[in-house]
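In case you want the letters, here they are:
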Amino acid sequence: SYYLLLNVVLVGLAYARAWRGLNLLGFGFSFAVLGAWVMDSYQPSNYAQVQPFVLAYFALYVLAALFYALRHSLAPRRALDATLLFGVPAATMGIQSQLVDALPYGAAWSAVGMAGFYAALSMWAHRQASLASPAAARAVIARWLGESYLALALVFLTLAVPLALDAPWTAAIWALEGAAVYWVGQRQGHWFPRLMGLALQPVALYVFNHAD
C-alpha cells in the first residue's frame, strides 16, 4: 500500500513534468520489490489480496509512459520510453505468471488479457494520430505508440497459444496467425507486421516437427 501511494504521487508528477529518470526509478524499485516478495513469500491463498496491487502498478506505469510521450511536447525520438513501454508488460507478465500458476490456464488467460488490453490501446493511439495533423509531432508519436502497442498485443496473443494448447495446435494456430498478420501488414503497407508474419512460419514448422 505504501508503494502504491508513492506510485500514485509519481504518476501525478509524470503528468506534470517529463522526468524520465524518476519514472524509471519508481518502476524499477516497485516491480523489483513486488517481484521479490512474490518469489519468496507468495502463496495461492494470497491471490485476492495481491492481484489488485499488480494490476494497479501495471496501470500506473502504462499511464506514466503515456504521459511522458504525449503531454510534454518532446521530440518524437525522445518521447517514446522503450524501457517503460516494453519493460512494464514484461515485468507484469513475469509476476502475473507466478500469481496464477495454480489456476487452470491462468497464464494463458493472463496473456490473452494483456493482448486485448494492448490491442485496445493501439486502436486508441491510432485514433489520436488521426485527429492531429499528419506531420505534427503528436501524430508521429501517437502513430509510433500505436505500432508499439500492436506489436505487444501480437506478442502476448502468440504467447497465449502454447500456454493453453499442445504443440500441433500451437503450430497450426501460429501458422494461421502469421499468415493473417502478414496479410494485414501488406494491406496497410507496414513492414513490421509482415516481418512478424513471416517469422512465425518457420517457428510454427519447428514446433510442429518437434511435437511429442
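Below, the structure is looked at part by part. A quick note: this is a predicted structure, and the numbers were derived from the prediction, not measured. (Residues numbered from 1 in each chain as written. Predicted model: local features only at pLDDT ≥ 70, side-chain atom pairs only at ≥ 80, totals over all residues. Heavy atoms only, no water.)

### Description of the overall build of the protein chain
Next up, step 1: What the protein chain contains, in helices and strands, is nine helices and zero strands.
Next up, step 2: Starting at the N terminus and ending at the C terminus, the protein chain contains elements arranged as α-α-α-α-α-α-α-α-α.
Next up, step 3: Over its C-alpha atoms the protein chain spans a radius of gyration of 19 Å, differing by no more than 12% from the 17 Å that the globule rule assigns to 212 residues.
Next up, step 4: Across the 212 residues of the protein chain, 40% fall into the buried class.
Next up, step 5: Of note, the protein chain has its 10 positive side-chain charges centred 26 Å away from the centre of its 7 negative side-chain charges. (Helix = DSSP H or I, 4+ residues; strand = E, 2+ residues; numbered from the N terminus. Rg over C-alpha atoms; globule rule 2.2 N^0.38 Å. Buried < 20%, exposed > 50% of the residue type's maximum accessible area, 1.4 Å probe, protein only. Lys, Arg positive; Asp, Glu negative; His and termini not counted. Charge placed at Lys NZ, Arg CZ, Asp CG, Glu CD.)

### So, a nonpolar patch on the surface
Next up, step 1: Together, Tyr2, Tyr3, Leu6, Leu25, Phe29 and Val33 line one region of the surface with nonpolar side chains, adding up to about 600 Å² of accessible area.
Next up, step 2: Contributions of two or more residues to the nonpolar patch are made by helix H1 (2–16) and helix H2 (20–41).
Next up, step 3: By secondary structure assignment, the location of Tyr2 is in helix H1. (Patch = residues over 30% accessible without salt bridge, like charges linked within 9 Å, V, L, I, M, F, W, Y side chains within 5 Å. Areas by Shrake-Rupley, 256 points an atom, 1.4 Å probe, with all protein chains shown as cover. Salt bridge = Lys/Arg side-chain N within 4 Å of Asp/Glu carboxyl O.)

### Side note on the packing of H2 against helix H5 (residues 82–99)
Helix-helix packing: each pair is described by the crossing angle between the helix axes and the interaxial distance.
Next up, step 1: Contact geometry for H2 and H5: axes closest at 10 Å, N-to-C directions at 10 degrees. Comparing their axes, H5 and H2 come out roughly parallel. Across the interface between the two elements, Arg20, Asn23, Leu24, Phe27, Phe31, Leu34, Gly35, Val38 and Met39 from H2 touch Thr83, Leu84, Gly87, Val88, Ala91, Thr92, Ile95, Gln98 and Leu99 from H5.
Next up, step 2: Taken together, the residues of the contact of H2 with H5 sort by class into 11 nonpolar, six polar and one charged. (Axes fitted to C-alpha atoms, helices over the stretch in contact; angles between N-to-C directions. Parallel < 35°, antiparallel > 145°, perpendicular 65-115°, else oblique. Contact = heavy atoms within 4.5 Å. Nonpolar A, V, L, I, M, F, W, Y, C, P; charged D, E, K, R; others polar.)

### Digging into the pattern of salt bridges
When charged atoms on two side chains of opposite charge get close, those side chains can pair.
Next up, step 1: Throughout the structure, instances matching the rule amount to one salt bridge.
Next up, step 2: Between Asp81 and Arg20 there is a salt bridge; the shortest N-O distance is 3.1 Å. With Asp81 in the loop between helix H4 (76–79) and H5 and Arg20 in helix H2, this pair connects stretches of sequence that are 61 residues apart.
Next up, step 3: By relative accessible area, which is 35% here, Arg20 ends up partly exposed.

### Some points on the nonpolar core
Next up, step 1: Counting 45 residues, the largest nonpolar core has Tyr61, Tyr118, Leu145 and Tyr149 as its most contacted members.
Next up, step 2: At 14 residues, helix H3 (residues 47–70) tops the list of elements feeding residues into this core.
Next up, step 3: With residues near it in sequence (within four places) discarded, Leu145 still touches Leu66, Ala69, Leu70, Leu80, Leu85 and Ala125.
Next up, step 4: Counting residues in hydrophobic clusters, the runner-up holds six residues, among them Val161, Ala171, Ala204 and Val207. (Core = buried A, V, L, I, M, F, W, Y, C linked by side-chain atoms within 4.5 Å.)

### Notes on H1
Next up, step 1: For H1, which comprises 15 residues, the first-to-last C-alpha distance of 22 Å matches the rise-based estimate of 21 Å (1.5 Å per residue) to within 8%.
Next up, step 2: Every buried residue of H1 is listed here: Asn7, Leu10, Val11 and Ala14. End-on, the buried residues of H1 take up no more than an arc of 100 degrees, which puts them together on one face. Opposite its buried face, H1 presents the exposed residues Tyr2, Leu5 and Ala16, each directed more than 90 degrees away. (Expected span 1.5 Å × (residues − 1). Arc of directions from axis to C-beta.)

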